[in-house]
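Architecture at a glance
Residue-level listing of the chains:
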Amino acid sequence: MERCAARRAPEEERRVRANARDYNEKFQYASNCIKTSKYNIITFLPVNLFEQFQEVANTYFLFLLILQLIPQISSLSWFTTIVPLVLVLTITAVKDATDDYFRHKSDNQVNNRQSQVLISGVLRQEQWMNVRVGDIIKLENNQFVAADLLLLSSSEPHGLCYIETAELDGETNMKVRQAIPVTSELGDTSKLARFDGEVICEPPNNKLDKFGGTLYWKESKYPLSNQNMLLRGCVLRNTEWCFGLVVFAGPDTKLMQNSGRTKFKRTSIDRLMNTLVLWIFGFLVCMGVILAIGNAIWEHEVGVCFQIYLPWDEGVHSAFFSGFLSFWSYIIILNTVVPISLYVSVEVIRLGHSYFINWDKKMYCAKRRTPAEARTTTLNEELGQVEYIFSDKTGTLTQNIMVFSKCSVNGHSYGDVQDVLGHKAELGERPEPVDFSFNPLADPRFQFWDPSLLEAIKLGDPHVHEFFRLLSLCHTVMSEEKNEGELYYKAQSPDEGALVTAARNFGFVFRSRTPKTITVHELGRAITYQLLAILDFNNIRKRMSVIVRSPEGKIRLYCKGADTILLERLHPINQDLTNVTTDHLNEYAGEGLRTLVLAYKDLEESYYEEWSERLHQASSAHEAREDRLAQLYDEVEHDMMLLGATAIEDKLQQGVPETIAILTLANIKIWVLTGDKQETAVNIGYSCKMLTDDMTEVFVVTGHTVLEVREELRKAREKMMDASRSTSNGFSYQEKLSSSKLTSVLEAIAGEYALVINGHSLAHALEADMEVEFLETACACKAVICCRVTPLQKAQVVELVKKYKKAVTLAIGDGANDVSMIKTAHIGVGISGQEGIQAVLASDYSFSQFKFLQRLLLVHGRWSYLRMCKFLCYFFYKNFAFTMVHFWFGFFCGFSAQTVYDQYFITLYNIVYTSLPVLAMGVFDQDVPEQRSMEYPKLYEPGQLNLLFNKREFFICIAQGIYTSVLMFFIPYGVFADATRDDGAQLADYQSFAVTVATSLVIVVSVQIGLDTGFWTAINHFFIWGSLAAYFAILFAMHSNGLFQMFPNQFRFVGNAQNTLAQPTVWLTIALTTVVCIMPVVAFRFLKLDLKPELSDTVRYTQLVRKKQKTQHRCMRRAGRVGSRRSGYAFSHQEGFGELIMSGKNMRLSSLALSSFTARPSTGWIETLRKKKGSDSSTTGSPSSAASKTLKV
């Protein structure tokens, strides 16, 4: 395994000789072993401890432990620190070891897969980890490709083989690869054993779609391209076997080059906590310095007079040195402002939140038997702060199942479901599907709902016949017939498969093909067409054509392609038909269907012969071959006759449009990063309502050079700003935003925009000198779609937003091509779908459907953030209230580092008396029920703005804690100064004072957590009141005679609790302290709720109103009163926005309703803070306007 991690010098070129391990070993190429784990048995302890002590808090507690081991300065036992520190380190280490164990397990599973390697002319079973560069390996059908291979030969004619690249680019459609002709004949092992060709090619890189190299064999050289390569992670499909030469192995493969490094992820609260711990330590040092100076002055001025019975400790010879020792003693005593139990509690709360996600039945997919899984426990609260979601398309938003839905033939649209009266049927009124029983070769899984198309076929409509004839001929599908009549199509894309299957069911069955012929069964009659040429599809042409000769000798070109390309190549005679077909295309596109236009053209024999000769010359050209071919294709694909158009539905996963709409209302920006082509991605954008016809403009960036991309981005920004100028209601746009930065200007634009950018353009846009311009433009848009992107580009886009926006990002995907993006984002979510488990293994959270993301963020994420923030605020409050009493006491005890409380109370305060109530709040608390969290997405915004726990909230908490500590010390101190017992004796002694202050403290913090708890459960009640009971039980036990007799040196407060708490004055003091500490908090919260309520307060209030209305309604019904009219009020106040959300476009109403419903001060303060955040952010600050906009109906 050591070779997995071997470091080598960068390569300039790679030289690989087949069947020559000794030769290839000279270059020290990486083996095929992969390693994603972080530790091994030897390195685990030192590396893990090093990582843990990078946490400021852990280093801080280690430092305190060292101080407590010095007897001259320690007034507390060392076990009060070492036990919790070891506990925290152990829990974290066990968790890290468990995570790494699963990584080791995954690595071993992959490395130990079996592969057939040709060694000394014999095929041997070898583990993947033992495969070497230069080996020839044999793959069989449905096997994963073990390394990056040069395809040598296969079981298919002409050295063809079919692969699925889902692990690389997310596409489940099959792709074709072909061996070069000179090696395609090497089909048996004896020939391959003698093969000694040498490949010289590019060094390892992450470019999935490019490969350049040359094969030298038998004194000849042969160019190699990506079409000759099988990449690791692909799966061999519909090919019995193939042989390949290993060119790149293990970490050098393109798959591994694209999988980003595992990064240690920490939440923003963790980072803030590190800062706060440093501040608190600084505050601690300041208090220590003040008290040390006080000690030195007191010892110099006063203490010197009491040397007879208060001598200095051994080794102390001056007041200054006494002050120095006192400083360290106070550092130890006051260290409880940040107890280590805080970190233990945080881990317990996060673990609880993770279990809630795992146990959520509403995120369980019964079909796949897959529950949601929190694969990490450290990021839960960050789920409540997400601002950007980066989503894969194929398999994440869609099911990648294409269905032939509608078509337009000769101006007539087919596919609408109609009722018995011939009207368009409503949803739920769908009749029986079309009966294809007349066709023995029909695919039984195909369904179509409009019988009129089949009637046109049976009536012999020539246009419909020609339409389906085109679909059965113009494609690159391969057919396989295992049994008579059982056809299996191997399509390069699901679209093609759907079109050919549709033609098959309507009677035009593509049966078989050879390199020169295509056989089609047309309504039961077998017809063989001569295939003269295939004018293949590419991203620039956006169309494909075939030229065929019919049995009658007629030559015809059939073409299908994007409407924007094909409609301008039609003969002018088609104008009227074009207008009608365009209307149909717009209708289909509005429904989110993927459209293609179909056309044909008859060719003269003489013209074809002359054109074919020129095509042959262009194909053989060494220079500008692609350009010459493109010109010839363009020449022949003109003046075509329009046949019609097809509309295919790429089925979305259930609930995707609703999920995206609700997340958008929560001010979460969704970017789609896909390896699919532009047209497909845009169609899905419309299907899932990311893109709408109501948008002001959709910008498409397709530039191939830096200058072109920069110009297109600049034009997009100018258009957005021009539109805003024209809608600025007479005010000068520059005057309104003169002080704002460019991003702020773009954030303030009117209208809704979308940006679509291609992979080659994105490569330029991500360059250092243009990335900010790209980000500014993209963030001003409501939707962003990046097409044809590589896995590494996905990660780069996420990194760009992280770098400049300072916002929490979430990446979601289901394939190996999404792994680098998932690792780069703050939060990675894996969909356990059809593309393997690589994405799930790399993720922080996983589930089976995209729609569960809504619940993960709006319910679990929001609650986790709320609970963690309330927990931290309360924890700092109670510990400052507890610790600062020592500071005030220092001024009355000669700065001697004497503690107010006994050491057992100090030890148990955070472990027993106050730990469980705050844990219960941190685990179970909620401000509104889960249904309201989903209904009111605006509730999510405080997390994005980080309102619930930040530096301001921290200072408020410690100010309240200091205020409480002042009252906690000085009220009992003032009372005890003149108070007497019932028997007339003086009440004021140290031990009675300590018990009174301690009891007041426990009661005050218990009442405070009762006020902070928003959702009461039996566990909360038990923990809060149980902790109070435990305090009194332990207090009386500690002060009992029995313990004093057993341990006289340890329990010196014998009988004190019984004597002190028997005095009415003490209880009055405790009551007065509690009231004075709590009443200002109650008053402030009451006024805030009345004058400036938050949205959650408003939602809770409406919930109470609804409950009362239901109760009154039930009472009225019991009374049996019959009203003269129905109450409009009862029907206008529905349970929620569920029906509106489920009705698609009416989701816009939910936003309007919510904005009017919350038109209170609560909306104003959130929007004010959002604007403030935008103006304070970096030059590429996040555009916030998208969420505050209400969608138009």
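Model, not experiment: these values are computed from the prediction.

Bringing the environment of His353 into the picture now. Structurally, the position occupied by His353 is in helix α11 (residues 341–359). Residue class for His353 comes out buried when judged on its relative accessible area of 2%. Considered as a pair, His353 and Phe924 are 571 residues apart in the sequence and their alpha carbons are 8.8 Å apart. Setting aside chain neighbours within four positions, we find His353 in contact with Asn380, Ser864, Arg867, Gly922 and Val923.

Spatially, the 3 strands line up as an open sheet ordered β7-β6-β12, and their pairing is antiparallel. The sheet is open, and its two borders are formed by β7 (174–178) and β12 (235–237), each paired with just one other strand. Neighbouring strand axes in the sheet, compared pairwise and without regard to direction, differ in orientation by 45° on average. Pairing between strand β6 (residues 160–164) and β12: 3 bridges, direction antiparallel. Along β12, the bridge assignment pairs Ile163 with Leu236.

Enumeration over the complete set of coordinates arrives at 50 salt bridges. Residues Glu466 and Arg556 are paired through a salt bridge, measuring 2.6 Å at the closest nitrogen-oxygen approach. In this pair, Glu466 is assigned in helix α13 (residues 462–473) and Arg556 in strand β24 (residues 555–561), connecting sequence segments 90 residues apart. Across this residue pair, the class does not change: Glu466 and Arg556 are buried. Across the pair Arg541 and Glu637 runs a salt bridge whose closest N-O atoms are separated by 2.9 Å. Note that Arg541 is positioned in the loop between β22 (525–535) and β23 (543–549) and Glu637 in the loop between α18 (625–636) and β26 (641–652), a separation of 96 residues in sequence.

The next thing to look at is the packing of aromatic side chains. Inspection of the entire model under this criterion finds 61 aromatic pairs. Ring centres 6.3 Å apart and planes at 80° place the aromatic pair Phe324 and Trp328 in the edge-to-face group. In this pair, Phe324 and Trp328 are both assigned in helix α10 (residues 319–333), 4 residues apart and thus about one turn of the helix distant. With a centroid separation of 6.3 Å and an interplanar angle of 35°, the aromatic rings of Phe1032 and Trp1067 are classed as tilted. Residue Phe1032 is found in helix α36 (residues 1018–1038), and its partner Trp1067 is found in helix α39 (residues 1064–1091); the two are separated by 35 residues along the sequence. Cation over ring: Arg504 sits above Tyr489, and NZ or CZ is 5.4 Å from the ring centre.

On to the packing of helix α25 (residues 771–779) against helix α26 (residues 791–805), then. Across the interface, α25 lies against α26 with an axial gap of 11 Å and an inter-helix angle of 90°. Judged on the interaxial angle alone, α26 and α25 are roughly perpendicular. Note on element contacts: α26 touches α25 through Leu800, Val801, Lys803, Tyr804 and Lys805, opposite Glu771, Val772, Phe774, Leu775 and Cys779.

Moving on: the nonpolar core. Judged by nonpolar contacts, the single largest core of 102 residues is most densely connected at Leu342, Tyr901 and Phe905. Ranked by residues supplied to this core, first place goes to helix α29 (residues 852–890) with 18 residues. Discounting residues that sit within four places of it in the chain, Phe905 has contacts with Phe882, Tyr913, Ala998, Leu1001, Val1002 and Tyr1031. Core analysis: the second largest hydrophobic core is formed by 50 residues, Val117, Ile119, Phe195 and Leu255 among them.

The next subject is the sheet that holds strand β8 (residues 198–201). Ordered in space as β1-β8-β9-β10, the 4 strands form an open sheet in which the pairing is antiparallel. Each end of this open sheet is capped by a strand with a single partner; those strands are β1 (14–17) and β10 (220–224). Pairs of neighbouring strands in the sheet enclose a mean axial angle of 20°, with direction left out of account. In this structure, β8 lies alongside strand β9 (residues 213–217), joined through 4 bridges in antiparallel fashion. Residue pairing in the sheet places Ile200 in a bridge with Thr214 of β9.

Taking burial as the measure, the 7 residues of β24 include 7 buried ones, the bulk of the element. Summarising the sheet, β23 and β24 pair through 7 bridges and their orientation is antiparallel. Residue pairing across strands places Arg543 opposite Gly561, the latter belonging to β24. Following β23, the chain reverses through 5 residues before pairing antiparallel with β24; Gly553 in that reversal takes a positive phi of roughly 95°. Inspection of the sheet shows β24 paired to strand β25 (residues 594–603) by 7 bridges, in the antiparallel sense. Of the residues in β25, the one forming a bridge with Cys559 is Ala599.

Since the α-helix turns once every 3.6 residues, residues separated by three or four places project in the same direction. Counting buried residues in helix α19 (residues 656–665) gives 10 out of 10 residues, a clear majority hidden from the surface. Every buried residue of α19 is listed here: Val656, Pro657, Glu658, Thr659, Ile660, Ala661, Ile662, Leu663, Thr664 and Leu665. Downstream of α19 by a residue or two, Asn667 has a phi angle that is positive, lying close to 65°.

Taken together, Ile290, Phe891, Phe892, Phe970 and Tyr973 make up a surface patch of nonpolar side chains, about 450 Å² in accessible area. Structurally, Tyr973 is set in helix α34 (residues 951–978). By relative accessible area, Tyr973 is classed as partly exposed at 37%.

With that settled, the discussion passes to the confidence of the model for the protein. This prediction gives the protein a mean pLDDT of 82; 86% of its residues lie at or above 70. Taking the mean pLDDT of every element in the protein, the minimum, 26, falls on helix α41 (residues 1128–1132) and the maximum, 96, on α13. Of the regions scoring below 50 in pLDDT, residues 728–744 engages in 20 contacts with residues more than four places distant in sequence or in other chains. The model gives residues 1117–1169 a pLDDT under 50, and that stretch makes 69 contacts with residues more than four places away or in other chains.

The rules behind these values
Residues numbered from 1 in each chain as written. Predicted model: local features only at pLDDT ≥ 70, side-chain atom pairs only at ≥ 80, totals over all residues. Heavy atoms only, no water. Helix = DSSP H or I, 4+ residues; strand = E, 2+ residues; numbered from the N terminus. Buried < 20%, exposed > 50% of the residue type's maximum accessible area, 1.4 Å probe, protein only. Contact = heavy atoms within 4.5 Å. Pairing = 2+ DSSP bridges. Axes fitted to C-alpha atoms, helices over the stretch in contact; angles between N-to-C directions. Salt bridge = Lys/Arg side-chain N within 4 Å of Asp/Glu carboxyl O. Phe/Tyr/Trp six-rings, centres within 6.5 Å; stacked < 30°, edge-to-face > 60°. Lys NZ or Arg CZ within 6 Å of the ring centre and 35° of its normal. Parallel < 35°, antiparallel > 145°, perpendicular 65-115°, else oblique. Core = buried A, V, L, I, M, F, W, Y, C linked by side-chain atoms within 4.5 Å. Patch = residues over 30% accessible without salt bridge, like charges linked within 9 Å, V, L, I, M, F, W, Y side chains within 5 Å. Areas by Shrake-Rupley, 256 points an atom, 1.4 Å probe, with all protein chains shown as cover. pLDDT = per-residue confidence, 0-100.

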